[in-house]
Amino acid sequence: MIKVVKFGGSSLASAGQFAKVGEIIRGDKNRKYVVPSAPGKRNSKDTKVTDMLYECYEKAEAEQDFKPQLRKIKERFNNIINGLNMKLSLDEEFKIIASNFSEKAGRDYAASRGEYLNGIIMSKYLGYEFIDAAEVIRFDKNGEFDGETTNKILSERLKKSETAVIPGFYGAKEDGTVVTFSRGGSDITGSIVAKACRADMYENWTDVSGCLVADPRIVDNPKPIKVITYRELRELAYMGASVLHEDAVFPVRKAGIPINIRNTNAPEDEGTLIVESTCQPSKYTITGVAGKKGFVAVNVEKDMMNTEIGFGRKVLEAFEVNGISFEHMPSGIDTMTIFVHQEEFAGKEQQVLSAIHRLAEPDVIDLEGDLALIAVVGRGMKSTRGTAGRIFSALSHANVNVKMIDQGSSELNIIIGVTNNDFETAIKAIYDIFVETQL
Ligand code: ADP
Ligand code: ASP
Ligand code: MG
């Protein structure tokens, strides 16, 4: 049996945390391949090493003195090494990093050093082999992850190593240029490693006891989800349940490897099991609720829109030619609304509007910004009547004005639009009605 174990930043933020991780790994001899993140926050006011690296590299790029910041980063690693009573010097590594920073080796290279160095410490600490992700995780010329080549190289490499540490978050192009995944990407590395070695389980160790029904920063002590499907999790992760990177599902999903989200600080908790499908009903009507702020609704009106062939396509083309992806598109008879990310849209607002006018000749276009989208997700909703009604009544009791409601055709999710200001109140109200009062 093979388990791949990924540990997040807070699980590796200090020597004390490293020691807990060591105990977890040694507690099960099947935990053969380890994917570490860079050291994260030790407390809420702390800074992640990855963020320190980005900041440090910005200085190097601007040709300012970056050495003091780099020394601070080195100190963070040395604190871990000394706290574990290890004999390991990173002097040589830091010399190379400093010289590469001076030569402007790239922002991705800079950020990747957190995982790289933590991987070196972890491999020494465990007595596992160190495999540099730059050698086994491959990106193509355009910087896109190349799953096929990676799987070939990595599976061959892992066959030669019984136990190994592979740092998360980065890989490299064929020419050696380091490329990172997006933030939180060590989760993806873990999944890629699990697929390559055909693991029986991908354990993702973090600082909460699994995927929770709602974001613990919004709802006090939300209940953990015992079993969730890949599809449900992807919906929740995409909509802001940041416990697992939204793209981490793909490699293991295809290989049918379950993911178990576990808590480094409470290893006795079972955590959440993420599976392809299950006949276990979820405990509540909904499996989870998550959301994101910062959307704009672009409302397009035109009389008889529904009879005009190709109207929707023309409107969407206006977004496409401006390189803007849309998030949701509920429609009425004479109206359609396109939800887009405010940040992406803001700079191109007038170009998009004029493109819509030119391409689709609508009667009215009207914009509403500062909106949030909330996804209520659950495989159980399909067989339960009145879920949308319950959501409406919970929100109206909480004085939340619902701007939009849209049920996905899979009946796996219901998307609700509210103002950014109502976001937290809405999540709490939805959590309460389904979990606390268990209606
Ligand atoms: P790691 O550093 O281990 O990768 P992350 O910070 O990326 O950990 O993810 C864990 C965090 O995700 C939790 O501490 C929690 O604040 C946040 N989170 C947001 N939504 C959820 C949710 N639905 N369930 C669990 N955690 C969530
Ligand atoms: N260290 C990286 C980040 O902070 C990747 C990760 O933690 O997964 O985003
Ligand atoms: Mg994470």
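Residues numbered from 1 in each chain as written. Chains lettered and ligands numbered in written order. Predicted model: local features only at pLDDT ≥ 70, side-chain atom pairs only at ≥ 80, totals over all residues. Heavy atoms only, no water.

> Can you break down the overall build of the chain residue by residue, with the values?
For the chain, the helix and strand inventory stands at 15 helices and 16 strands. In summary, the chain has a C-alpha radius of gyration of 24 Å against a globular reference of 22 Å for 439 residues, a match within 12%. Its C-alpha atoms give the chain principal-axis dimensions of about 75 × 50 × 40 Å. Going through the 439 residues of the chain one by one, you find that 52% of them count as buried. Pairs at least 24 residues apart make up 74% of the contacts formed inside the chain by residues separated by at least 6 positions. Put simply, the chain shows about 20,300 Å² of open surface, and 45% of that area lies on carbon and sulfur atoms. On the chain, the mean spot of the 55 positive side-chain charges and the mean spot of the 62 negative ones are 6 Å from each other. (Helix = DSSP H or I, 4+ residues; strand = E, 2+ residues; numbered from the N terminus. Rg over C-alpha atoms; globule rule 2.2 N^0.38 Å. Buried < 20%, exposed > 50% of the residue type's maximum accessible area, 1.4 Å probe, protein only. Contact = heavy atoms within 4.5 Å. Areas by Shrake-Rupley, 256 points an atom, 1.4 Å probe, with all protein chains shown as cover. Lys, Arg positive; Asp, Glu negative; His and termini not counted. Charge placed at Lys NZ, Arg CZ, Asp CG, Glu CD.)

> Before we move on, can you summarise the layout of surface pockets with the specific residues and values?
A probe as big as a water molecule, rolled over the atoms, marks out the empty space that is left. Each pocket or cavity is described by its volume, and for the largest pocket that value is around 1,200 Å³. In terms of lining residues, the largest pocket is bounded by 47 residues, among which Lys-48, Gly-184, Thr-206, Ser-242 and Val-243 are the most central. At the level of secondary structure, the elements contributing two or more residues to the lining of the largest pocket comprise helix H8 (186-196), strand S7 (201-206), helix H9 (230-238) and strand S11 (288-301). No other element matches S11, which puts three residues into the lining of the largest pocket. Among the residues forming the lining of the largest pocket, the class breakdown is 16 nonpolar, 18 polar and 13 charged. (1 Å grid on protein atoms, 1.4 Å probe; cavity = no way out; pocket = protein on both sides within 12 Å on 5 of 7 lines; lining within 4 Å. Points joined across faces, edges and corners; volume = space filled by probe spheres on them. Nonpolar A, V, L, I, M, F, W, Y, C, P; charged D, E, K, R; others polar.)

> Break down the pairing of S7 for me, citing the residues and quoting the values.
Regular strands show a simple pattern: their side chains alternate between the two faces of the sheet. Burial of S7 is extensive: six of the six residues sit out of reach of the surface. Here S7 shows no split at all, with Met-201, Glu-203 and Trp-205 on one side and Tyr-202, Asn-204 and Thr-206 on the other all buried. Sheet topology places strand S1 (residues 3-7) next to S7; five bridges connect them, and they run parallel. Residue pairing in the sheet places Phe-7 in a bridge with Trp-205 of S7. In terms of strand pairing, S7 meets strand S9 (residues 259-263) through five bridges, oriented parallel. (Pairing = 2+ DSSP bridges.)

> Please set out the site of ligand 2 residue by residue, giving values where relevant.
Taken together, Ser-37, Lys-48, Thr-50, Glu-115, Phe-169, Arg-183, Gly-184, Gly-185 and Ser-186 make up the full set of residues adjacent to ligand 2. Separating an oxygen atom of ligand 2 from a side-chain N or O atom of Ser-37 is a distance of 3.5 Å. Here ligand 2, which alone exposes 260 Å², has 92% of that area covered by the protein. Because more than half of its atoms lie within 2 Å of the grid, ligand 2 is assigned to the largest pocket. Residue composition of the shell around ligand 2, by class: one nonpolar, five polar and three charged. (Near = heavy atom within 4 Å. Polar contact = N/O pair within 3.5 Å; in protein donor to acceptor, adjacent residues only side chain to side chain. Sits in = over half its atoms within 2 Å of the grid points.)

> Describe the sheet that holds strand S15 (residues 404-407), naming the residues involved and giving the relevant values.
Read from one edge of the open sheet, six strands run S12-S13-S11-S14-S16-S15, paired in antiparallel fashion. This sheet does not close on itself; its edge strands, each paired only once, are strand S12 (326-328) and S15. Here the strands of the sheet are splayed against their neighbours by 40° on average, with no regard to which way each runs. Relative to strand S13 (residues 335-341), S11 runs antiparallel, the two sharing seven bridges. (Axes fitted to C-alpha atoms, helices over the stretch in contact; angles between N-to-C directions.)

> So what about the packing of helix H1 (residues 15-26) against helix H5 (residues 107-126)? Which residues, and what values?
Contact pair H1 / H5: the axes reach a minimum separation of 11 Å and the direction vectors enclose 55°. One element, H1, and the other, H5, form an angle in the oblique class. In the crossing of H1 with H5, the sense of the turn from one axis to the other is right-handed. Packed against H1, whose contacting residues are Phe-18, Ala-19, Val-21, Gly-22, Ile-25 and Arg-26, the element H5 presents Asn-118, Ile-121, Met-122, Tyr-125 and Leu-126 at the interface. (Parallel < 35°, antiparallel > 145°, perpendicular 65-115°, else oblique. Left-handed = near helix turned anticlockwise from the far one by under 90°.)

> Describe helix H15 (residues 423-436), and please don't skip the residues or the numbers.
Residues spaced three or four apart along an α-helix face the same direction, because each turn holds 3.6 residues. Taking 1.5 Å as the rise per residue, H15 with 14 residues should run 20 Å; its terminal C-alpha atoms sit 19 Å apart, in good agreement. Regarding H15, the residues found buried are Phe-423, Ala-426, Ile-427, Ala-429, Ile-430, Tyr-431, Ile-433, Phe-434 and Val-435. Residues of H15 that are buried in the fold lie against S11, strand S14 (364-377), helix H14 (387-397) and strand S16 (413-419). (Expected span 1.5 Å × (residues − 1).)

> Break down H1 for me, citing the residues and quoting the values.
Its twelve residues give H1 an end-to-end C-alpha distance of 16 Å, which sits within 8% of 16 Å, the value for a rise of 1.5 Å per residue. Within H1, the full set of buried residues consists of Ala-15, Gln-17, Phe-18, Val-21, Gly-22, Ile-24 and Ile-25. Each element contacted by the buried residues of H1 is listed here: S1, strand S2 (31-36), helix H3 (67-83), H5 and S7.

> Which residues make up the nonpolar core, and what values go with them?
The tendency in soluble globular proteins is for nonpolar side chains to be buried as a group. Within the largest apolar cluster, 123 residues are counted, with the highest numbers of intra-cluster contacts made by Phe-101 and Ile-430. Contact partners of Ile-430, with chain neighbours within four places excluded, come to Ile-286, Val-289, Ile-374, Val-376, Ile-391, Leu-395 and Ile-416. Among the nonpolar cores identified, the runner-up in size contains 19 residues, and Val-300, Met-336, Phe-345 and Val-352 belong to it. (Core = buried A, V, L, I, M, F, W, Y, C linked by side-chain atoms within 4.5 Å.)

> Could you give an account of the site of ligand 1, with specific residues and numbers?
In the vicinity of ligand 1, 18 residues are found, and the nearest of them are Lys-6, Gly-9, Thr-206, Asp-207 and Leu-212. Contact between ligand 1 and Thr-206: an oxygen atom at 2.7 Å from a side-chain N or O atom of the residue. The side chain of Asp-207 places a nitrogen or oxygen atom 2.8 Å from an oxygen atom of ligand 1. Starting from 570 Å² of accessible surface for ligand 1 in isolation, the protein chains cover 85%. Class assignment for the residues of the shell around ligand 1 results in eight nonpolar, six polar and four charged.

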